[in-house]
Amino acid sequence: MTAFRTLDQADVKGKRVLVRVDLNVPMENGRVTDATRIERVLPTIREIADKGGKVILLAHFGRPKGRDPKESLKPVAEAVSQHLGKPVAFADDCIGEAASHAVNALNKGEVLLLENTRFHAGEEKNDPAFVQDLAKLGDLYVNDAFSAAHRAHASTEGLARVLPSYAGRTMQAELDALTKGLESPKRPVVAIVGGAKVSTKIDLLENLVTRVDALVIGGGMANTFVHATGLGIGKSLAEKDLAATALRIIEKARDANCAIILPVDGVCAYEFKAGAENHTYGIDAIPEDRMILDVGSQSVERVNAAINDAATLVWNGPLGAFEIAPFDQGTVAAARHAAQRTKEGKLVSVAGGGDTVAALNHAGVADSFTYVSTAGGAFLEWMEGKALPGVEALRA
Ligand code: AMP
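Because the structure is a prediction, the values reported are computed rather than measured.

**Student:** How should I be thinking about the domain arrangement of the protein chain in this particular structure?
**Tutor:** Interface size is commonly expressed as the accessible area that is lost once the parts come together. Parsing the protein chain into structural domains produces domain 1 (7-171) and domain 2 (185-383). Placing the centre of domain 1 and that of domain 2 at their C-alpha centroids yields a distance of 37 Å. Each side of the interface is counted separately: domain 1 has six residues, and domain 2 has nine residues. Across the interface of domain 1 and domain 2, roughly 610 Å² is buried in total on both sides, 55% from carbon and sulfur atoms. When residues of domain 1 are sorted by the area they lose upon contact with domain 2, Arg40, Phe146 and His150 head the list and together hold 74% of the total. Across the domain 1-domain 2 interface, the total number found is zero salt bridges. Joining domain 1 to domain 2, the criterion identifies two residue pairs in polar contact (both at pLDDT 80 or more). When its residues are assigned to classes, the side of domain 1 that touches domain 2 shows one nonpolar, three polar and two charged.

Here it is in structure tokens:
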């Protein structure tokens, strides 16, 4: 395992430190509606400022095509300042005179946010000239934005190649957790993969079966597997054209000695609706006119038994339609069980991906997992076994 350069190795005192953060926060009418991402980067900002560094924040916001006032980071600077409890200066551009002027005005321990990096096409192109324009503003580079690390952009990868570069504390925590989860995990490792579709997670499933000891497949995607094994699934959501893919994954798992755990029963309803009348059937007896919306209690028992056997759990995707009660029960029961095993010190549990965070929050257990990643695309690419450019550039 290669280690990463972290703030422990950085001498920031008196230095201009370019810090890539994720400030792509949800906003309504110019106000930040969820400050989770801001909270996550505060430790790195505080540490650099406390050590006498000049903190220069770099971030993207939305998907602007060129300069667009609607996608300015200016209101976010105010929100960061409130959460940080000290002023955060703002520059109207992330390169050029506006930026260098603002950087030159910084004293030790002060914080500046530069305007949206994506106002320049060079950001997403990782254009060397744009990288140089950014690099002129700093002496060191710190990347604290794991969620953007799957993209080889100027502010996520290019800068790390031209300046002394380090992982920020949030990035470091994420990398530690992911290393424990899949790269060098304590065995046995069990993965739970749920969610709607197989098609969005083929690479992920193919990678996991070669890395984990048991793979639990739940949610809508399990229906495709059940169908592929020759059973009827009624009106359930499924991608029947992917039956061959499902069988290939099952075979690959067999070759790799990875147990595949599919549902043995399903909670079925006539319609996809909260409170819909429902009944649990064995997986070989799903009525033609109903759809499976959750795993049944016997399936949950098998999932929990797999969790009991595991030293490490990696989880992405809900086991059922968790947004509509009572079809949240399978996900909630398994999540609570994993949380309990984690609290008892028997399990390292790492979960991530957009809906997974929502599902664990819904179950009230996100804080009891070893680590819950809020990164969407980057977390999935990591589960697919892909190298993340922004992470690779930080390897020692
Ligand atoms: P994903 O974004 O791929 O993780 O999928 C999450 C979505 O899958 C959630 O919105 C769930 O409601 C949905 N889902 C999970 N299980 C089922 C199911 N059995 N039938 C329909 N939708 C499901």
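Further notes follow.
**Student:** Is there a simple way to think about the sheet that holds strand E14 (residues 291-295) in this case?
**Tutor:** As a general point, the strands of a sheet are linked pairwise by backbone hydrogen bonds and lie either parallel or antiparallel. Spatially, the three strands line up as an open sheet ordered E13-E12-E14, and their pairing is antiparallel. Here the strands that pair on one side only, and so sit at the sheet edges, are strand E13 (278-282) and E14. The mean angle between the axes of side-by-side strands here comes to 40°, regardless of whether they run parallel or antiparallel. Inspection of the sheet shows strand E12 (residues 265-269) paired to E14 by four bridges, in the antiparallel sense. Note that in E14 the partner of Cys268 across the bridge is Ile292.

**Student:** Honestly, helix H1 (residues 36-50) in this entry has me stumped. Any pointers?
**Tutor:** Think of an α-helix as 3.6 residues a turn; residues three or four steps apart then line up on the same face. Between the first and last C-alpha of H1 there are 22 Å, a value that for 15 residues agrees with the 21 Å anticipated at 1.5 Å per step. Leu42 marks the point of greatest bend in H1, at about 35°, and the proline Pro43 comes within the next four residues. Note on H1: the residue one or two positions beyond its end, Gly52, has a positive phi of about 90°.

**Student:** Mind showing me how you'd approach the sheet that holds strand E9 (residues 189-193) here?
**Tutor:** Ordered by their spatial adjacency, six strands build an open sheet running E11-E10-E9-E15-E16-E17, and the pairing between neighbours is parallel. With partners counted over all chains shown, the strands left at the sheet margins are strand E11 (259-261) and strand E17 (371-373), one partner each. Each strand axis lies, on average, 15° off the axis of its neighbour in the sheet, ignoring direction. Sheet strands in contact with helix H8 (residues 202-211) are E9, strand E10 (214-217) and E11, and its direction is about 165° off that of E9. Along the sheet face, helix H11 (residues 297-309) touches E9, E10 and E11 and points at about 145° away from the line of E9.

**Student:** Would you take a moment to explain the site of the ligand for this structure?
**Tutor:** Close to the ligand lie 14 residues, the nearest being Ala196, Gly220, Ile292, Glu323 and Asp355. Interatomic distance of 3.2 Å between a side-chain N/O atom of Lys201 and an oxygen atom of the ligand. Glu323 places a side-chain nitrogen or oxygen 2.4 Å from an oxygen atom of the ligand. Considered on its own, the ligand offers 510 Å² of accessible surface; in the complex 82% of this is hidden by protein.

**Student:** I tried to follow the nonpolar core on my own but got confused; where do I start?
**Tutor:** Within the largest apolar cluster, 42 residues are counted, with the highest numbers of intra-cluster contacts made by Phe146, Leu208, Leu215 and Phe225. Breaking this core down by element, the ones donating at least two residues are helix H7 (169-183), E9, H8, E10, helix H9 (219-228), helix H10 (243-255) and helix H14 (377-383). What Phe225 contacts, discounting residues up to four positions off in sequence, is Val198, Leu205, Ile217, Ala246, Ile249, Ile250 and Leu262. Formed by 31 residues, the second largest nonpolar core is a distinct cluster that contains Ala10, Ala59, Val76 and Ala77.

**Student:** Could you clarify how one ought to interpret the pairing of E12 in this entry?
**Tutor:** Buried residues dominate E12, accounting for five of its five residues. Examined bridge by bridge, E12 and E13 share five bridges and lie antiparallel to one another. Residue pairing in the sheet places Gly266 in a bridge with Tyr281 of E13.

**Student:** Would you mind showing me how to read the packing of H1 against helix H2 (residues 74-84) here?
**Tutor:** In helix packing, the relevant descriptors are the interaxial angle and the interaxial distance, both defined with respect to the helix axes. Between H1 and H2, the least distance of the axes is 10 Å, while the angle of their chain directions is 65°. Overall, the two elements H1 and H2 adopt an arrangement that is roughly perpendicular. H1 and H2 meet at a crossing whose hand is right-handed. On H2, the residues touching Ile38, Glu39, Leu42, Ile45 and Arg46 of H1 are Ala79, Val80, His83 and Leu84. Grouping the amino acids of the contact of H1 with H2 by side-chain chemistry returns six nonpolar, one polar and two charged.

Analysis parameters
- Residues numbered from 1 in each chain as written.
- Predicted model: local features only at pLDDT ≥ 70, side-chain atom pairs only at ≥ 80, totals over all residues.
- Heavy atoms only, no water.
- Domains from an automatic or database assignment.
- Contact = heavy atoms within 4.5 Å.
- Buried area = accessible area lost by both parts, 1.4 Å probe.
- Salt bridge = Lys/Arg side-chain N within 4 Å of Asp/Glu carboxyl O.
- Polar contact = N/O pair within 3.5 Å; in protein donor to acceptor, adjacent residues only side chain to side chain.
- Nonpolar A, V, L, I, M, F, W, Y, C, P; charged D, E, K, R; others polar.
- Pairing = 2+ DSSP bridges.
- Helix = DSSP H or I, 4+ residues; strand = E, 2+ residues; numbered from the N terminus.
- Axes fitted to C-alpha atoms, helices over the stretch in contact; angles between N-to-C directions.
- Expected span 1.5 Å × (residues − 1).
- Bend = angle between axes of the 7 residues up to and from the residue.
- Near = heavy atom within 4 Å.
- Areas by Shrake-Rupley, 256 points an atom, 1.4 Å probe, with all protein chains shown as cover.
- Core = buried A, V, L, I, M, F, W, Y, C linked by side-chain atoms within 4.5 Å.
- Buried < 20%, exposed > 50% of the residue type's maximum accessible area, 1.4 Å probe, protein only.
- Parallel < 35°, antiparallel > 145°, perpendicular 65-115°, else oblique.
- Left-handed = near helix turned anticlockwise from the far one by under 90°.

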